[in-house]
Amino acid sequence: MSWTPQEEAAFVARRRKRNLVIAIVLAGFAVLFYGITISRIAG
Amino acid sequence: MGHIAQLEETPAGIALPVAEWRDFWALLKPRVMTLVVFTAACGLIVAPGTLSPFLSFVAILCIAVGAGASGAFNQWLEADTDGLMKRTANRPLPAGRLRREDALGFAIILSAASVMTLWLATNWVAAGILALGIFFYAVIYTIWLKPNTPQNIVIGGAAGAFPPVIGWAAVTGDVTALPLLLFAIIFAWTPPHFWALAMFIRRDYANAQMPMLPLTHGLAETRKQILIYSVVLLAVSVAPFALGLTGMLYGMSAAILGSIFLVLAIQVARATAEEPAEMLAEKRLFKFSILYLFLLFALLVADALVLRA
């Protein structure tokens, strides 16, 4: 598959945005489980 | 890149082999999630006992994500029929913006994550009911009931009735009479709500060959069934007060809201319109049914807070 520079730039931008969302979700998961652990211990 | 089977069109018209996060978000049916979050939160608030604000947030988040996973399973299973209906043709799968296997993987991961996290944060009863709810919606409703019987909405209504029960169980670890009645209210509310909609978009369902009641039994029978279920809804909605499980505020509200619902259902039963554009009574009932459920549950919470004060 050969892309024009414009297509490749658009593809990379979209992939970067999706990866950023995945990173945010994973970080959120870490915070969530930390919070659950602390809350359960405190409870 | 061979594993990426489907290309998608950007607004600029460039074909790109990667789905956007918005397509995954759309798989979760976010508008349906609103009602799920609201009824789950109501179940959680009216339950006796306490759960820390953070764990309450986690519980509602898990219920919302579990409901979203059900929606993703549903869209994965119905991608072909969704493509035949105007209302659903632009969903990520029928529109070709997302690969089917990605949607399935997403649904499985969210289901497992939501059930296990809810178990960790609260208890196995709540997690078990959430798992049952996801299974019921994806398998019992979508695969079995929806394409095979005009009673699909009646029995399938149970799938949408789980959230307040899960919210309750997250706090108490058990299921008693009040959460079961909340389940029954949503169960009885679903047929008139959906059939009112199905009447004025029945041609969409006909295109998708879904055996909805207006198509299989006609408009007159559907109008009669809407009326019957509205009577049942009124009876079930006042039952928590009649059994002494709620206060006067809820009892009066349920009676008034249920009576308005019934009056609108009587107007539907008397209507004879056949063209969707002329189905004013059906559209009125459909719109009110959404407001009805929000108000009823909000007043249930208000009633519980008044009793505790």
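Small disclaimer: the values here were computed from a predicted structure and weren't measured. (Residues numbered from 1 in each chain as written. Chains lettered and ligands numbered in written order. Predicted model: local features only at pLDDT ≥ 70, side-chain atom pairs only at ≥ 80, totals over all residues. Heavy atoms only, no water.)

Digging into the overall build of chain B
Stage number 1. If you tally the helices and strands in chain B, you get 13 helices and two strands.
Stage number 2. By principal-axis analysis of the C-alpha atoms, chain B measures approximately 65 × 55 × 35 Å.
Stage number 3. By residue count, 54% of the 309 residues in chain B fall in the buried class.
Stage number 4. Intrachain contacts of chain B at a sequence separation of at least 6 include 71% that bridge at least 24 residues.
Stage number 5. Only carbon and sulfur atoms are counted for the fraction: they give 69% of the accessible area of chain B, which is about 13,300 Å². (Helix = DSSP H or I, 4+ residues; strand = E, 2+ residues; numbered from the N terminus. Buried < 20%, exposed > 50% of the residue type's maximum accessible area, 1.4 Å probe, protein only. Contact = heavy atoms within 4.5 Å. Areas by Shrake-Rupley, 256 points an atom, 1.4 Å probe, with all protein chains shown as cover.)

Re the environment of B:Leu130
Residue and element names in this part refer to chain B.
Stage number 1. As for its placement among the helices and strands, Leu-130 is situated in helix 6 (residues 124-145).
Stage number 2. With a relative accessible area of 4%, Leu-130 lands in the buried category.
Stage number 3. As a C-alpha pair, Leu-130 and Gly-49 span 81 residues in sequence and 20 Å in three-dimensional space.
Stage number 4. In this structure Leu-130 touches Cys-62, Ile-63, Gly-66, Ser-114, Val-115, Leu-118 and Ile-166, once residues within four positions along its chain are discounted.

A word on the packing of aromatic side chains
Residue and element names in this part refer to chain B.
Stage number 1. If you walk through the whole model with that rule in mind, you get 14 aromatic pairs over all chains.
Stage number 2. Relative to Phe-294, the ring of Phe-38 lies with its centre 4.8 Å away and its plane at 45°, an arrangement referred to as tilted. With Phe-38 in helix 2 (residues 30-46) and Phe-294 in helix 13 (residues 280-308), the pair connects residues that are 256 residues apart, well separated along the chain.
Stage number 3. With a relative accessible area of 24%, Phe-38 lands in the partly exposed category. (Phe/Tyr/Trp six-rings, centres within 6.5 Å; stacked < 30°, edge-to-face > 60°.)

Some thoughts on the nonpolar core
Buried together is how nonpolar side chains tend to be arranged in soluble globular proteins.
Residues and elements named next belong to chain B.
Stage number 1. Residues Leu-118, Ile-166, Ile-185, Ile-226, Tyr-292 and Phe-297 are the most contacted members of the largest nonpolar core, which totals 96 residues.
Stage number 2. With 13 residues, the top contributor of residues to this core is helix 8 (residues 177-200).
Stage number 3. Taken domain by domain, this core gets at least three of its residues from each of domain 1 (19-174) and domain 2 (176-309).
Stage number 4. Leaving out residues up to four positions away in the same chain, Ile-226 has contacts with Pro-192, Trp-195, Ala-196, Met-199, Ala-265, Val-268 and Leu-285. (Core = buried A, V, L, I, M, F, W, Y, C linked by side-chain atoms within 4.5 Å. Domains from an automatic or database assignment.)

Here's the deal with the side chain of B:Asp204
Stage number 1. Assignment of secondary structure puts B:Asp204 in helix 9 (residues 202-207).
Stage number 2. Once you skip the residues sitting within four places of it in the chain, B:Asp204 turns out to touch B:Met85, B:Lys86 and B:Arg87.

Considerations on the state of the cysteines
Residue and element names in this part refer to chain B.
Stage number 1. For the structure on display, the rule yields zero disulfides over all chains.
Stage number 2. You can see Cys-42 has no disulfide; the closest cysteine sulfur is in Cys-62, sitting 18 Å from it.
Stage number 3. Its relative accessible area of 3% is what places Cys-42 among the buried residues.
Stage number 4. On the accessibility criterion, Cys-62 (4% relative accessible area) is buried. (Disulfide = S-S within 2.5 Å.)

Describing the packing of helix 1 (residues 5-42) of chain A against helix 5 (residues 100-121) of chain B
Stage number 1. The contact between helix 1 of chain A and helix 5 of chain B brings their axes to 10 Å, and the two run at 25°. Compared by their axis directions, helix 1 of chain A and helix 5 of chain B come out roughly parallel. Where helix 1 of chain A approaches helix 5 of chain B, its residues A:Phe29, A:Leu32, A:Phe33, A:Ile36 and A:Arg40 are matched on the opposing element by B:Ala113, B:Thr117, B:Leu120 and B:Ala121.
Stage number 2. The class makeup of the residues in the contact of helix 1 of chain A with helix 5 of chain B is seven nonpolar, one polar and one charged. (Axes fitted to C-alpha atoms, helices over the stretch in contact; angles between N-to-C directions. Parallel < 35°, antiparallel > 145°, perpendicular 65-115°, else oblique. Nonpolar A, V, L, I, M, F, W, Y, C, P; charged D, E, K, R; others polar.)

Focus on a nonpolar patch on the surface
All names here are of chain B.
Stage number 1. Taken together, the side chains of Leu-77, Leu-132, Phe-135, Val-139, Ile-143 and Trp-144 make up a nonpolar region of the molecular surface, amounting to roughly 560 Å² of accessible area.
Stage number 2. Here the element with the most residues in the nonpolar patch is helix 6; it accounts for five residues.
Stage number 3. Locating Val-139 in the fold gives a position in helix 6. (Patch = residues over 30% accessible without salt bridge, like charges linked within 9 Å, V, L, I, M, F, W, Y side chains within 5 Å. Salt bridge = Lys/Arg side-chain N within 4 Å of Asp/Glu carboxyl O.)

Remarks on the packing of helix 2 of chain B against helix 13 of chain B
Residue and element names in this part refer to chain B.
Stage number 1. Contact pair helix 2 / helix 13: the axes reach a minimum separation of 9 Å and the direction vectors enclose 20°. Here helix 2 is positioned roughly parallel relative to helix 13, judged by the angle of their axes. For the element pair helix 2 and helix 13, the recorded crossing hand is left-handed. The segment helix 2 lies against helix 13, with Thr-34, Leu-35, Phe-38, Thr-39, Cys-42, Ile-45 and Val-46 engaging Leu-293, Phe-294, Phe-297, Ala-298, Leu-300, Val-301, Ala-304, Leu-305 and Arg-308.
Stage number 2. Looking at the contact of helix 2 with helix 13 residue by residue, the class counts come to 13 nonpolar, two polar and one charged. (Left-handed = near helix turned anticlockwise from the far one by under 90°.)

Some details on the domain arrangement of chain B
Residues and elements named next belong to chain B.
Stage number 1. Domain boundaries assigned for chain B yield domain 1 (19-174) and domain 2 (176-309).
Stage number 2. Measuring from the centre of the C-alpha atoms in domain 1 to the corresponding centre in domain 2 gives 21 Å.
Stage number 3. In this assembly, 33 residues from domain 1 lie in contact with 33 residues from domain 2.
Stage number 4. For the pair domain 1 and domain 2, the two sides together bury roughly 2,900 Å², of which 79% comes from carbon and sulfur.
Stage number 5. Taken together, the connections running from domain 1 to domain 2 amount to zero salt bridges.
Stage number 6. For the pair domain 1 and domain 2, the number of links is three residue pairs in polar contact (both at pLDDT 80 or more).
Stage number 7. Taken together, the elements giving at least two residues each to the side of domain 1 that touches domain 2 come down to helix 2 and helix 7 (152-172).
Stage number 8. The element that contributes the greatest number of residues to the side of domain 1 that touches domain 2 is helix 7, accounting for twelve residues.
Stage number 9. Partitioned by chemical class, the residues of the side of domain 1 that touches domain 2 number 19 nonpolar, nine polar and five charged. (Buried area = accessible area lost by both parts, 1.4 Å probe. Polar contact = N/O pair within 3.5 Å; in protein donor to acceptor, adjacent residues only side chain to side chain.)

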